[in-house]
Amino acid sequence: MPLKGNSMNVKKIITEKIDALKKKNGVSPIAGIVLFLVAFSITLWALGGNNQKIDGFTLGQQMREIVDSDSGEVVSVINGVEYYRRDLSIIAINITATDPQFLTLSERQQDYVAGNHLIRQFMLLQEFDRLGLTLEEGEFDAFIQKEKDATREMIANDTAESNQFLKYIEGYGCTYTEYWEDEDVLKSFENSLKYEKAQKKIAENEGFTNTGMNIDAYLANLLEDGTYVVTLFGEAFE
């Protein structure tokens, strides 16, 4: 889904950067960001493993500052729904947690990388509704319980990931119990579940085997045929 007009040079730089990160990590940055979507629930995967330079407490503080901030200016419009600088900043923080090399990009490049993620994620959330999908009774509660069980197991094993996760919660300014009761955290997990269900349904409908790449092509087709009209920083996103 290329950017239009004078954004093409930026898009080329971003593409090259993403390709380099994919070779380095063996995982697509897009696949990584899907794990926590627009959530400020920094995942154990993102905080551990290859990213020992990431400080959970600092990330928690940064996320709290963003969450408590005003919405800011509109950065993208998807079928008439506006998304704001605050949404973009949350995604940028999550990309940083996935790979700190994101910070080596210029501010403008960071905006466009985060903007591409924002559009992909919120298009899929809109697809959840457009495809008539719903969350069954008890489904979300079961999803949250599964996440809680995973974190409790990690904490019991006293891993580096769980220590970073607890530091993140502390930086975010709440206790472990309060974290799982936080309205914004719960909303982000609900979006994550909807996102997963939308991807699964699309893959089933279209017969996809390589879900990530095929979902990108699927969304590009929806842009091309006019199902979605999208702008990013005031420019048509096609």
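Bear in mind that the values here come from a model prediction, so they are computed numbers and not experimental data.

Caption draft 1: Spotlight on the overall build of the chain. Helix and strand counts for the chain stand at 11 helices and four strands. Counting every position in the chain, which comprises 238 residues, the buried fraction comes to 46%. Sequence-distant contacts, at least 24 apart, represent 72% of the contacts inside the chain between residues at least 6 apart. For the chain, the accessible surface area stands at approximately 11900 Å², while carbon and sulfur atoms represent 49% of it.

Caption draft 2: Just the pattern of salt bridges, in detail. Scanning all chains against the criterion turns up nine salt bridges. Between glutamate 127 and arginine 130 there is a salt bridge, with its nearest N and O atoms 2.4 Å apart. Of this pair, glutamate 127 and arginine 130 both sit in helix 6 (residues 107-130), separated by three residues, roughly a single helical turn. When its relative accessible area of 0% is taken as the criterion, glutamate 127 is described as buried. Overall, arginine 130 belongs to the partly exposed group, its relative accessible area being 45%.

Caption draft 3: Spatial organisation of the packing of aromatic side chains. Taken as a whole, this structure holds eight aromatic pairs when the rule is applied. Between tyrosine 179 and tryptophan 180 the ring centres are 5.1 Å apart and the planes differ by 85°, which places this aromatic pair in the edge-to-face class. For tyrosine 179, a relative accessible area of 1% gives the class buried. With a relative accessible area of 6%, tryptophan 180 lands in the buried category. Put simply, the rings of Phe143, Phe165, Tyr176, Tyr179, Trp180 and Phe189 pair up and form one aromatic cluster. Sitting over the face of the ring of tyrosine 172, arginine 64 holds its NZ or CZ atom 4.0 Å from the ring centroid.

Caption draft 4: Just helix 11 (residues 211-224), in detail. In this model helix 11 runs 20 Å from its N-terminal to its C-terminal C-alpha over 14 residues, within 8% of the 20 Å that 1.5 Å per residue would give. Looking only at helix 11, the buried set comprises Ile215, Tyr218, Leu219, Leu222 and Leu223. Summarising the axial view, the buried residues of helix 11 lie within an arc of 140°, below the 170-degree limit, and thus occupy one face. Turned more than 90 degrees away from the buried face of helix 11, the exposed residues are Met213 and Glu224. Buried residues in helix 11 make contact with helix 6, helix 10 (183-206) and strand 3 (230-232). A positive phi of about 85° marks glycine 226, the residue just after helix 11.

Caption draft 5: Geometry of the nonpolar core. By size, the foremost hydrophobic cluster in this structure holds 31 residues, and its most contacted members are Ile78, Leu118, Ile119, Met123, Leu219, Tyr228 and Val230. Taken together, the elements giving at least two residues each to this core come down to strand 1 (74-78), helix 5 (85-98), helix 6, helix 10, helix 11 and strand 3. At nine residues, helix 6 tops the list of elements feeding residues into this core. Sequence-distant contacts of leucine 118, defined by excluding residues within four places in its chain, comprise Val75, Ser76, Tyr83, Asp87, Leu88 and Ile91. If you look at the next biggest cluster of nonpolar residues, it comprises 20 residues, including Met63, Val67, Ala97 and Phe143.

Caption draft 6: Spotlight on the pairing of strand 2 (residues 81-84). Two elements, strand 1 and strand 2, share four bridges in a ladder whose sense is antiparallel. Across the sheet, valine 74 pairs through a bridge with tyrosine 84, a residue of strand 2. Remark: two residues form the turn of the hairpin made by strand 1 and strand 2, two consecutive strands paired antiparallel; asparagine 79 in that turn has positive phi of roughly 50°.

Caption draft 7: The arrangement of the pairing of strand 1 in detail. Sheet analysis places strand 1 next to strand 3, joined by three bridges and oriented antiparallel. By the bridge assignment for strand 3, serine 76 is matched with leucine 232.

Caption draft 8: Structural context of the environment of glutamine 121. Locating glutamine 121 in the fold gives a position in helix 6. For glutamine 121, a relative accessible area of 1% puts it in the buried group. Each C-alpha atom of the pair glutamine 121 and isoleucine 91 lies 9.9 Å from the other, and the pair is 30 residues apart in sequence.

Parameters and conventions
Residues numbered from 1 in each chain as written. Predicted model: local features only at pLDDT ≥ 70, side-chain atom pairs only at ≥ 80, totals over all residues. Heavy atoms only, no water. Helix = DSSP H or I, 4+ residues; strand = E, 2+ residues; numbered from the N terminus. Buried < 20%, exposed > 50% of the residue type's maximum accessible area, 1.4 Å probe, protein only. Contact = heavy atoms within 4.5 Å. Areas by Shrake-Rupley, 256 points an atom, 1.4 Å probe, with all protein chains shown as cover. Salt bridge = Lys/Arg side-chain N within 4 Å of Asp/Glu carboxyl O. Phe/Tyr/Trp six-rings, centres within 6.5 Å; stacked < 30°, edge-to-face > 60°. Lys NZ or Arg CZ within 6 Å of the ring centre and 35° of its normal. Expected span 1.5 Å × (residues − 1). Arc of directions from axis to C-beta. Core = buried A, V, L, I, M, F, W, Y, C linked by side-chain atoms within 4.5 Å. Pairing = 2+ DSSP bridges.

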